[in-house]
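One letter stands for each residue in the lines below.
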Amino acid sequence: MSDDHQPAASGAGTPADRPTPLSATELPTLRRPAGPPRKPTDNRPAGVVAGWITRGGAGPCYGLMDENGTEYAVYGPNAGELRKGDFVSLRLTARDRSVDCGPGIPMRVAES
């Protein structure tokens, strides 16, 4: 009977027996922070609100839910098409309630 099904003999401990290491150095590890940051780490200019459009369309009224869950009723006659679900950053200013844009804090998109 032939030994056709036997693996080819190779010397034990040859490089072909082991995978080559990817790196010879250890990865750096991050230390645990001592506490929460003292200042916000995502600073935005004053008046800029980031969030998701909850009521969209061609305008001029939109709904906006910011990252903290605050709902805004936004009036933006020149804002253009904003689709529901879009994440946006808008510069907002206070406005009177002469235009009803639905539920939320009434705000107006500031002109740039």
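Parameters at a glance
- Residues numbered from 1 in each chain as written.
- Predicted model: local features only at pLDDT ≥ 70, side-chain atom pairs only at ≥ 80, totals over all residues.
- Heavy atoms only, no water.
- Pairing = 2+ DSSP bridges.
- Helix = DSSP H or I, 4+ residues; strand = E, 2+ residues; numbered from the N terminus.
- Axes fitted to C-alpha atoms, helices over the stretch in contact; angles between N-to-C directions.
- pLDDT = per-residue confidence, 0-100.
- Buried < 20%, exposed > 50% of the residue type's maximum accessible area, 1.4 Å probe, protein only.
- Contact = heavy atoms within 4.5 Å.

I would appreciate a short explanation of the sheet that holds strand S2 (residues 61–66) in the present structure.
Remark on secondary structure: sheet strands pair via backbone hydrogen bonds, oriented parallel or antiparallel. Here five strands make up a closed barrel; going around it, the order is S1-S2-S3-S5-S4 and the pairing mixed. Put simply, the sheet's adjacent strands are angled 55° from each other on average, direction ignored. Two elements, S2 and strand S3 (residues 71–75), share five bridges in a ladder whose sense is antiparallel. Counted as the bridge partner of Tyr62 is Val74 from S3.

Sorry, what's going on with the confidence of the model for the chain here?
Looking at the chain as a whole, the pLDDT averages 82, with 79% of positions reaching at least 70. Model confidence for the chain, summarised as mean pLDDT per element, is weakest for strand S4 (residues 87–94) at 93 and strongest for S2 at 96.

Can you walk me through the environment of Gly51 in this structure?
Structurally, the position occupied by Gly51 is in strand S1 (residues 48–55). On the accessibility criterion, Gly51 (0% relative accessible area) is buried. As for Gly51 and Ser89, which are separated by 38 residues in sequence, their C-alpha atoms are 6.6 Å apart. In this view, Gly51 contacts Leu64, Met65, Asp66, Glu67, Asp86, Phe87 and Val88; residues no more than four positions away in its chain are not counted.

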